[in-house]
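Breakdown of the fold
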Protein chains: 2
Amino acid sequence: MDNTIDRVKNYLLSLQDNICNSLEGEEPEARFIEDLWQRAEGGGGRTRVISNGQVFEQGGVNFSHVSGFQLPPSATAKRPELANREFEAMGVSLVMHPNNPYVPTVHANIRFLIAKKAGESDIWWFGGGFDLTPYYPFKEDVIHWHQTALAACQPFGDEVYPTYKKWCDEYFYLKHRDETRGAGGLFFDDLNEWGFEPCFAFMQSVGDHFLKAYLPIVQQRKNTVYGERERDFQLYRRGRYVEFNLVFDRGTLFGLQSGGRTESILMSMPPAAIWRYNWHPETGTPEAVLYEEYLKPQNWLGI
Amino acid sequence: MDNTIDRVKNYLLSLQDNICNSLEGEEPEARFIEDLWQRAEGGGGRTRVISNGQVFEQGGVNFSHVSGFQLPPSATAKRPELANREFEAMGVSLVMHPNNPYVPTVHANIRFLIAKKAGESDIWWFGGGFDLTPYYPFKEDVIHWHQTALAACQPFGDEVYPTYKKWCDEYFYLKHRDETRGAGGLFFDDLNEWGFEPCFAFMQSVGDHFLKAYLPIVQQRKNTVYGERERDFQLYRRGRYVEFNLVFDRGTLFGLQSGGRTESILMSMPPAAIWRYNWHPETGTPEAVLYEEYLKPQNWLGI
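What counts, and where the lines are drawn
Residues numbered from 1 in each chain as written. Chains lettered and ligands numbered in written order. Predicted model: local features only at pLDDT ≥ 70, side-chain atom pairs only at ≥ 80, totals over all residues. Heavy atoms only, no water. Buried < 20%, exposed > 50% of the residue type's maximum accessible area, 1.4 Å probe, protein only. Helix = DSSP H or I, 4+ residues; strand = E, 2+ residues; numbered from the N terminus. Pairing = 2+ DSSP bridges. Polar contact = N/O pair within 3.5 Å; in protein donor to acceptor, adjacent residues only side chain to side chain. Salt bridge = Lys/Arg side-chain N within 4 Å of Asp/Glu carboxyl O. Contact = heavy atoms within 4.5 Å. Core = buried A, V, L, I, M, F, W, Y, C linked by side-chain atoms within 4.5 Å. Axes fitted to C-alpha atoms, helices over the stretch in contact; angles between N-to-C directions.

**Digging into the pairing of strand β6 (residues 123–133) of chain A**
Residue and element names in this part refer to chain A.
- Of all the eleven residues making up β6, ten are buried; the element is thus mostly covered by neighbouring parts of the structure.
- In this sheet, β6 lies alongside strand β5 (residues 105–116) in antiparallel orientation, the contact comprising eleven bridges. The residue of β6 that forms the bridge with A108 is F130.
- If you look at the hairpin formed by β5 and β6, you'll find six residues sitting between the two strands, and G119 has a positive phi there, around 80°.

Structural data, given as structure tokens:
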């Protein structure tokens, strides 16, 4: 698989470059800082973080390529046949927290995993996706987001978008709140049934469509005027982002359980968040619209 | 066990009253609000929350008494013999987040559980403890805290304090940070080997010593002058509180997994928290002292 691994790795590294360059293009001054790191058990990563930007309050775009002696429980809970296998994992993962409450928080991740056992064939799979977490959503933004997700999937079959859109709604779900994390997007995992080349092409398609999906929304909304009320609600909703990432997110748990680099994993945390006891939006407010129309699965494209 | 349950319940309800009254005594105006709630599967609670006080920025003192058809995984992971048992659980749990960074955040909990199965004897146990999370600690406060913990344990044997102090250090530990949550205190669980009356008496002793341990620290430090630097560090460290509660805390997971009332469980979240990539205190600062001397287990009483 060595040539394969290099091809995937080269794609991921260039995707990280492209995304960082494009996001920096929205910033007059702030730039990503880069930390290269290594991991005792094997592998390392290239973490890039931006802080205190004019558009992005905080965010990170991480590349990592790690190996380990045993897949952690978060990866084998639903696939017990993988327990006790060595693994190699590489991926790009990003979360961006904008200042402006009219610009959604965004997450994207693509990853390639190989589980190995002496005397047996390697088991490989791809996973990833992207999902949007608006505070004050615009319907046309969310439709554009899903249309771009559809475009990423379309060459791979008509059923791909609906399947991975549904999986995204189910995965980014806060059971204890009965809310989705945001307005969804795509989520896929354990993908290998199409054979390597189509699967790799699909992962690249998802990676390549991220900027097309997100940048227009940033550009359209980054100068929207907002006040204390909108900032306060953004901080409150970011508390849900924290709850999801620490209680449910498989990638976060995989990273923390596999002895990953904590500061790189937790760059997904918002720069600031608030919690308020038993708060609910008043009926008829823009905040209530988020709950009623966006934090539950919707068929955005009518397909 | 009906009379027993009433006795434990009466103690817990009066402890909740005493603690709320005493904490309100530190506040010129802010008062706890009370929410009574019921749970579909059985039982309910009395949640009391205080917000925007002069001393306490946010906090809650909860009583709950719930029953369910099956103990959740967080309760049975280490005791598989309890899986598939019905349960009854009651307890008081509190977290207070003060405004002043010189006043530590505090947590206390005492609980009584009964696991039931038709045709078999009930299995009951007590658990609980209290632990202190300072931002800018004073050594004499932490020693007073531990001396009061020792006093709570002393009547039950010389080994009780060292055993439960060590368990507290081990339990309130953020593995991914290699830090304890704070300066420790007491933690106990699965306690029934002394027989019911001594165990119940010990739980009451822990409950009765909480205010003795915490109030003098609040009174001594609540008027200490602080500025932006101290507030900022407090908000940053509160991020660790969030990480512990959502990733590790058995009580939080028990509550969320057993379909508990989310707003009552997550009243333990701080009112506000911040995250900053790869931040470390500079050597020789008061912030570095917290990490070096307090966020690792110490033998505070020299015993």
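From this point, the narrative continues.
**Some points on the side chain of R48 of chain B**
Residues and elements named next belong to chain B.
- Mapped onto the fold, R48 is located in strand β2 (residues 43–51).
- When its relative accessible area of 11% is taken as the criterion, R48 is described as buried.
- Side-chain polar atoms of R48 contact the side chain of E34, separated by 2.8 Å.

**Considering the pattern of salt bridges**
- Within this structure, the stated rule accounts for 52 salt bridges over all chains.
- As a salt-bridge pair, D131 of chain A and R181 of chain A come within 3.0 Å of each other at their nearest N and O atoms. Here R181 of chain A lies in the loop between β8 (179–180) and β9 (184–191) and D131 of chain A lies in strand β6, a separation of 50 residues in the sequence.
- Here E179 of chain B and R240 of chain B are joined by a salt bridge, their closest N and O atoms 3.0 Å apart. Pair noted here: E179 of chain B is in strand β8 (residues 179–180) and R240 of chain B is in helix α6 (residues 228–248), with a separation of 61 residues, a long-range link. The two residues E179 of chain B and R240 of chain B agree in class, both being buried.
- One continuous salt-bridge network, built from bridges that share partners, spans D17, E34, R46 and R48 of chain A.

**Quick word on helix α7 (residues 250–257) of chain A**
Residue and element names in this part refer to chain A.
- Those residues of α7 lying buried are T252, F254, G255 and L256.
- On the buried face of α7, the contacting elements are α2 (73–76), β4 (86–98), β5, α6 (228–248) and α8 (262–265).
- Between the side-chain oxygen at the start of α7 and the backbone nitrogen of G251 there is a gap of 3.4 Å, and the oxygen is on D249.
- Note on α7: the residue one or two positions beyond its end, G259, has a positive phi of about 70°.

**Side note on the nonpolar core**
- Counting 53 residues, the largest nonpolar core has L23, M96, F126, F210 and Y214 of chain B as its most contacted members.
- No other element matches helix α5 (residues 196–221) of chain B, which puts 13 residues into this core.
- The contacts of F210 of chain B, once residues within four sequence positions are left out, are I19, L94, V106, A108, F130 and W145 of chain B.
- The next biggest cluster of nonpolar side chains, apart from the first, holds 52 residues, and it includes V103, V106, W124 and Y214 of chain A.

**Observations concerning the sheet that holds strand β9 (residues 184–191) of chain B**
All names here are of chain B.
- The seven strands lie next to each other as β1-β2-β3-β4-β5-β6-β9, forming an open sheet whose pairing is antiparallel. Every other strand in the sheet has two partners, leaving β1 (33–38) and β9 as the edge strands with one partner each. Across this sheet, the average inter-strand angle for adjacent strands is 5°, counted without regard to direction.
- Bridge analysis of β2 against strand β3 (residues 56–68) gives nine bridges, and the strand direction is antiparallel. Looking at β3, one finds that R48 is bridged to V61.
- Contacts between α5 and the sheet are confined to β3, β4 (86–98), β5 (105–116), β6 (123–133) and β9, with β6 contributing the most and set at about 15° to the helix.

That is the geometry; function is a separate question.
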